[in-house]
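What the coordinates show
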Amino acid sequence: MTDAPAPIILTATMGAADFAWANALRRRHFPPERNFLDAHITLFHHLPPSILPELRHRMRALCVGPPPPAMLAAVIALGRGVAFRVDSPALDAMRAQLAAAFAGLLTPQDRASPRLHITVQNKVGVEEARKLHREMAADFRPRPLAIAGLAAWHYRGGPWEAAGEARFRG
């Protein structure tokens, strides 16, 4: 671990049971030599490290109330992987508040409309991904997903390093 400035990734964290379930699927289906991360829901991919103090403040402010309702809405194909689509208008609204606050600092990817999801598999062959998508979609039923908080991470090319967390209190 180093103290050198590194881009910040912002995620929504899941409740314990949903996290354990999603992370087990990720460990089962993600190529182990490429799986450096636990299951997560990315809100922003690349925020400048200079905003970290303000980001932490805004995370705490967003988390003073109850967790946003969310649904696992569908199994989606990523081309070379598979994910669950996450639908949460309230989480989208929180992300939009942060995007407005940091508008001039966002990368093109983070300026685009978000497609919230939990990646289960990525960086595999197209046929392997299609097979898993068919298997997972066959018995999938939309269901609630517990959102527990927000977490900021330093990205230095490998596993992420924790940079701050706020949990919903309501």
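In this text the structure is predicted, and so the values were computed from the model without any measurement.

Moving on to the packing of helix H2 (residues 52–62) against helix H3 (residues 89–101). Axis separation between H2 and H3 bottoms out at 11 Å; the angle between their running directions is 150°. On the basis of the axis angle, H2 is roughly antiparallel to H3. Here H2 runs over H3; the crossing is right-handed. Contacts between H2 and H3 involve Leu55, Arg58 and Leu62 from the first element and Met94, Gln97, Leu98 and Ala101 from the second. The class makeup of the residues in the contact of H2 with H3 is five nonpolar, one polar and one charged.

On to the packing of aromatic side chains. Counted by the stated rule, this structure contains three aromatic pairs. Their ring planes at 35° and their centres at 5.8 Å tell us that Phe84 and Phe140 sit as a pair that is tilted. Residue Phe84 is found in strand E4 (residues 82–87), and its partner Phe140 is found in the loop between helix H5 (126–138) and strand E6 (143–144); the two are separated by 56 residues along the sequence. Each member of the pair Phe84 and Phe140 is classed as buried.

Here is what the cut-offs are and how they apply
- Residues numbered from 1 in each chain as written.
- Predicted model: local features only at pLDDT ≥ 70, side-chain atom pairs only at ≥ 80, totals over all residues.
- Heavy atoms only, no water.
- Axes fitted to C-alpha atoms, helices over the stretch in contact; angles between N-to-C directions.
- Helix = DSSP H or I, 4+ residues; strand = E, 2+ residues; numbered from the N terminus.
- Parallel < 35°, antiparallel > 145°, perpendicular 65-115°, else oblique.
- Left-handed = near helix turned anticlockwise from the far one by under 90°.
- Contact = heavy atoms within 4.5 Å.
- Nonpolar A, V, L, I, M, F, W, Y, C, P; charged D, E, K, R; others polar.
- Phe/Tyr/Trp six-rings, centres within 6.5 Å; stacked < 30°, edge-to-face > 60°.
- Buried < 20%, exposed > 50% of the residue type's maximum accessible area, 1.4 Å probe, protein only.

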